[in-house]
Amino acid sequence: MAAAGTFVREVNAPAGAWLGMILVKASTGGGRWSDAVRVLRSETVQEAEILRELRKQVAAKMPTAMFMLAAGAATVGASGWLYPEVGAWIAGPGDRIVLAASVIASLNVKRMAGAATAFLRT
């Protein structure tokens, strides 16, 4: 039981306290605490593999998402510059539509990029 207390103090996290409590209960009740640790290890390894795979997928797709955003903005800008009638439409009645679409796209990309960046930092 002293080892479980040391473990809880060294880990200093809710999961550490939870695991320490399980070990103490298992050892005082005559249970086999090694079974609990083995199951916990198996679950932890599986979760770590899933998170590594998700991280790899997010990291692989992020450059494509950023490129698509830049390509869309470049297309609108180049169209307005190369074709005077498109430029006039964007400068006239189309400005609200382009602005609204840009704001919506920016908010979606910001949300996606923020979530992906936060996930990649974990």
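Counting restarts for each chain, with residues numbered from 1 along the sequence as it is written. pLDDT decides what is reported in this predicted model: residues at 70 or higher carry local features, side-chain atom pairs at 80 or more are listed and counted, and totals for whole chains, interfaces and linings draw on all residues regardless. For the side-chain quantities, the full set of heavy atoms in the structure was used; hydrogens and water were omitted.

### Topic: the overall build of the protein chain
So, step 1. Comment: elements are numbered from the N terminus, with helices defined as DSSP H or I runs of at least four residues and strands as E runs of at least two. When you go through the protein chain residue by residue, the secondary structure sums to 5 helices and 0 strands.
So, step 2. Atoms counted for the radius of gyration: C-alpha only. Globule rule: 2.2 Å times residue count to the power 0.38. Relative to the globule expectation of 14 Å for 122 residues, the C-alpha radius of gyration of the protein chain, 27 Å, shows a markedly less compact shape.
So, step 3. Between buried and exposed lies partly exposed: a residue is buried under 20% and exposed over 50% of the maximum accessible area for its type, with that area taken using a 1.4 Å probe on protein chains only. Relative to its 122 residues, the protein chain shows a buried fraction of 10%.
So, step 4. Whether two residues are in contact is decided by their heavy atoms: any pair within 4.5 Å suffices. A fraction of 40% describes how many contacts in the protein chain between residues 6 or more apart in sequence connect residues 24 or more apart.
So, step 5. Using a 1.4 Å probe, accessible areas were evaluated by the Shrake-Rupley method; residue-level cover was limited to the displayed protein chains. If you sum the accessible surface of the protein chain, you get close to 9,300 Å²; carbon and sulfur atoms cover 68% of it.
So, step 6. Averaging the coordinates of the 13 positive side-chain charges in the protein chain and doing the same for the 8 negative ones gives two points 6 Å apart. Neither His nor the chain termini are counted; the positive set is Lys and Arg, and the negative set is Asp and Glu. Think of each charge as sitting on NZ of Lys, CZ of Arg, CG of Asp or CD of Glu.

### Here we look at helix α2 (residues 14-28)
Helical periodicity: at 3.6 residues per turn, an α-helix aligns residues three or four positions apart in one direction.
So, step 1. Its 15 residues give α2 an end-to-end C-alpha distance of 21 Å, which sits within 8% of 21 Å, the value for a rise of 1.5 Å per residue.
So, step 2. Restricting attention to buried positions, one finds in α2 the residues G16, L19, G20, L23 and A26. The buried residues of α2 occupy an angular sector of 130 degrees when projected down its axis, which confines them to one face. Every exposed residue of α2 that faces more than 90 degrees away from the buried side is listed here: P14, K25 and T28. A helix's residues, less one, multiplied by 1.5 Å, set its expected span. By arc we mean the arc of the directions from the helix axis to the C-beta atoms, nothing more.

### Quick word on the confidence of the model for the protein chain
So, step 1. Here the protein chain averages 79 in pLDDT, and 93% of its residues register 70 or above.
So, step 2. One confidence number per residue, pLDDT, is output by the predictor and ranges from 0 to 100. Here helix α1 (residues 2-11) is the element of the protein chain with the lowest mean pLDDT, 74, and helix α3 (residues 33-82) is the one with the highest, 82.

### Points about the pattern of salt bridges
So, step 1. A side-chain nitrogen of Lys or Arg and a carboxyl oxygen of Asp or Glu constitute a salt bridge if their distance falls within 4 Å. Using the criterion set out here, one finds 1 salt bridge in the structure.
So, step 2. One salt bridge connects E53 with K56, and the closest N-O pair in it is separated by 3.5 Å. In this pair, E53 and K56 both sit in helix α3, 3 residues apart, roughly one turn of the helix.

### A closer look at the layout of surface pockets
So, step 1. Space inside the largest pocket adds up to approximately 190 Å³.
So, step 2. Here a cavity denotes a set of grid points, spaced 1 Å apart and computed over the protein atoms alone, in which a 1.4 Å probe fits but from which it cannot get out, and a pocket denotes an open set meeting protein on both sides within 12 Å along at least five of seven lines; residues with an atom within 4 Å of a point are reported as lining. The wall of the largest pocket is formed by L69, G72, A73, V76, V98, A101, S102, A105 and S106.
So, step 3. Where the lining of the largest pocket is concerned, the elements lending two or more residues are α3 and α5 (94-121).
So, step 4. Among the elements that make up the lining of the largest pocket, the one with the highest residue count is α5 (5 residues).
So, step 5. Ten residues, namely Ala, Val, Leu, Ile, Met, Phe, Trp, Tyr, Cys and Pro, are considered nonpolar, four, namely Asp, Glu, Lys and Arg, are considered charged, and the remaining ones, Gly among them, are considered polar. Here the lining of the largest pocket is composed, by residue class, of 6 nonpolar, 3 polar and no charged. Grid points are joined across faces, edges and corners, and a volume is the space filled by probe spheres set on the points.

### Some words on the environment of M21
So, step 1. Inspection of the secondary structure assignment puts M21 in helix α2.
So, step 2. Overall, M21 belongs to the partly exposed group, its relative accessible area being 47%.
So, step 3. Each C-alpha atom of the pair M21 and A4 lies 7.7 Å from the other, and the pair is 17 residues apart in sequence.

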